[in-house]
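Chain by chain, the residues run as shown.
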Amino acid sequence: MNGVSTALIFVGLFFLGGVFSFVKQKQSTSLIVLLSIGAAMCLGAGILQLEAFK
């Protein structure tokens, strides 16, 4: 399960990078909010899986 949690953390960081990029480009707020929620969900799930399978 370490591979899955690591993949989720990497996807969450990728989404977080997209959020920063879209903020710099002044994209629509709804797109930024959706990416932020996706990043938070991926990072949270990855961290919880790391903690659950220690």
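Presented here is an overview of the structure given in this document. (Residues numbered from 1 in each chain as written. Predicted model: local features only at pLDDT ≥ 70, side-chain atom pairs only at ≥ 80, totals over all residues. Heavy atoms only, no water.)

A closer look at the overall build of the protein
Using the following cut-off: The way it works is that DSSP assigns letters per residue, a run of H or I at least four long becomes a helix, a run of E at least two long becomes a strand, and they are numbered from the N terminus. When a residue's accessible area, from a 1.4 Å probe over protein chains only, is under 20% of the maximum for its type it is buried; when over 50% it is exposed; and in between it is partly exposed. Only heavy atoms matter for contacts: two residues are in contact if any of them lie within 4.5 Å across the pair. All accessible areas in this document rest on Shrake-Rupley with a 1.4 Å probe, and a residue is counted as covered only by the protein chains that are shown.
What the protein contains, in helices and strands, is 2 helices and 0 strands. If one aligns the C-alpha atoms of the protein with their principal axes, the spans along those axes are about 40 × 15 × 10 Å. Taking all 54 residues of the protein together, the buried fraction comes to 17%. Across the protein, contacts joining residues at least 24 apart in sequence account for 69% of those joining residues at least 6 apart. Total accessible area computed for the protein in this model is approximately 3,900 Å², and 75% of it derives from carbon and sulfur atoms.

A word on the packing of aromatic side chains
For the record, the criterion: When two rings of Phe, Tyr or Trp (its six-membered ring) have centres within 6.5 Å they constitute a pair, described as stacked for plane angles under 30 degrees, edge-to-face for angles over 60, and tilted for the intermediate range.
For the coordinates displayed, the defined rule picks out 1 aromatic pair. Note on Phe 14 and Phe 15: the rings are 6.3 Å apart at their centroids and 45° apart in plane angle, and the pair reads as tilted. A relative accessible area of 26% means that Phe 15 is categorised as partly exposed.

Quick look at the packing of helix H1 (residues 2-24) against helix H2 (residues 29-52)
Filter applied, for reference: Axis lines are fitted through C-alpha atoms, for helices just across the contact stretch, and the angle between N-to-C directions can take any value from 0 to 180 degrees. Angle categories: roughly parallel below 35 degrees, roughly antiparallel above 145, roughly perpendicular from 65 to 115, and oblique for all the rest. When the near helix sits turned anticlockwise from the far one by under a right angle, the crossing is termed left-handed; a clockwise turn instead gives a right-handed crossing. Classification used: nonpolar for Ala, Val, Leu, Ile, Met, Phe, Trp, Tyr, Cys and Pro, charged for Asp, Glu, Lys and Arg, polar for all others including Gly.
Contact geometry for H1 and H2: axes closest at 8 Å, N-to-C directions at 155°. Considered as vectors, H1 and H2 are oriented roughly antiparallel to each other. Taken as a pair, H1 and H2 cross one another with a handedness that is left-handed. Here the residues of the contact of H1 with H2 sort into 19 nonpolar, 8 polar and no charged.

Just distances and angles here, no functional claims.
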